[in-house]
Amino acid sequence: MNIDLCKVINLPKVQDSRGNLTFVESNNHISFDIQRVYYLYDVPGGSARGGHAHKDLHQLIIAMSGSFDVVLDDGKNKKTIHLARSYYGLYICPMIWRELDNFSSGSVCMVLASNKYDEDDYYRDYAEFMRVRWQA
Ligand code: TYD
């Protein structure tokens, strides 16, 4: 897995005079079944979230309100994606270290995930992630 597999997906946007509507369908806009939804909100200015990688989890990250940066790192290459629109979703494949920072005031980060919460699916130690990532 490398960061080139992580893509910003342009989600459908249905616009009319009453406002906009965006939707996400499993196995259509994203290639995994959604088993869990969680969201980050009331993030204090200057805080960072993430700081881990997942062994098997696929995720789609959407800035539902406001904006933030997602720094992706596959152990070799890094890239920063700025999310600021709720019709863009950032797909993150397994085995990618990610940090989320630069949250704007009042921002909401929603995450669609391919599995239920499982602490055993996490690498929270960067050195361990790097060891496993490149030992193969
Ligand atoms: P963590 O994954 O470290 O959050 P983030 O990636 O946004 O920085 O999770 C923070 C805490 O919340 C940790 O104790 C695990 C718990 N948690 C759940 O109980 N369920 C969940 O779905 C998630 C994502 C976290």
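Residues numbered from 1 in each chain as written. Predicted model: local features only at pLDDT ≥ 70, side-chain atom pairs only at ≥ 80, totals over all residues. Heavy atoms only, no water.

1. Focus on unusual backbone geometry
A positive phi angle is found at M95, which is not glycine, with a value near 65°. Relative accessible area serves as the criterion here: at 14%, M95 is assigned to the buried category. Even without a glycine there, the phi angle at N102 is positive, about 55°. With respect to the helices, strands and loops of the structure, N102 is situated in the loop between β10 (97–101) and β11 (108–113). The exposure class of N102 is exposed, given its relative accessible area of 53%. (Buried < 20%, exposed > 50% of the residue type's maximum accessible area, 1.4 Å probe, protein only. Helix = DSSP H or I, 4+ residues; strand = E, 2+ residues; numbered from the N terminus.)

2. Focus: the nonpolar core
Of all hydrophobic cores here, the largest spans 28 residues; its most connected members are F68 and L72. Contacts of F68, omitting those with residues within four sequence positions, involve I61, I62, A63, I81, H82, L83, L100, D101, N102, F103, V108 and C109. Residues A53, M95, W97 and Y123 belong to the second largest nonpolar core, which totals 5 residues. (Core = buried A, V, L, I, M, F, W, Y, C linked by side-chain atoms within 4.5 Å. Contact = heavy atoms within 4.5 Å.)

3. Details of the site of the ligand
Around the ligand, a shell composed of R36, Y38, L40, R49, G50, H52, Y117, Y122 and R124 is seen. Contacts to the ligand include Y122, whose side-chain N or O atom sits 2.7 Å from an oxygen atom. Between an oxygen atom of the ligand and a side-chain N or O atom of R124, the distance comes to 2.9 Å. Here the ligand loses 62% of its free accessible area of 530 Å² to cover by the protein chains. For the shell around the ligand, the secondary structure elements donating two or more residues are β4 (36–40) and β5 (49–54). Here the residues of the shell around the ligand are counted per class, giving 4 nonpolar, 2 polar and 3 charged. (Near = heavy atom within 4 Å. Polar contact = N/O pair within 3.5 Å; in protein donor to acceptor, adjacent residues only side chain to side chain. Areas by Shrake-Rupley, 256 points an atom, 1.4 Å probe, with all protein chains shown as cover. Nonpolar A, V, L, I, M, F, W, Y, C, P; charged D, E, K, R; others polar.)

4. As for the sheet that holds strand β1 (residues 8–10)
Spatially, the 5 strands line up as an open sheet ordered β1-β9-β6-β11-β4, and their pairing is antiparallel. For this open sheet the edge positions go to β1 and β4, each flanked by a neighbour on one side alone. Each strand of the sheet is rotated relative to its neighbour by a mean of 25°, with strand direction disregarded. Summarising the sheet, β4 and β11 pair through 5 bridges and their orientation is antiparallel. Its bridge partner lying in β11, V37 is registered against L112. (Pairing = 2+ DSSP bridges. Axes fitted to C-alpha atoms, helices over the stretch in contact; angles between N-to-C directions.)

5. Considering the environment of D121
The residue D121 is located in the loop between β11 and β12 (122–123) in this model. The spatial distance from the C-alpha of D121 to the C-alpha of L40 is 19 Å, given a sequence separation of 81 residues. Not counting residues within four places of it along the chain, the set of residues in contact with D121 comprises A53, H54, K55, D56 and L57. A distance of 2.9 Å separates the side chain of D121 from the side chain of H54, its partner in a polar contact.

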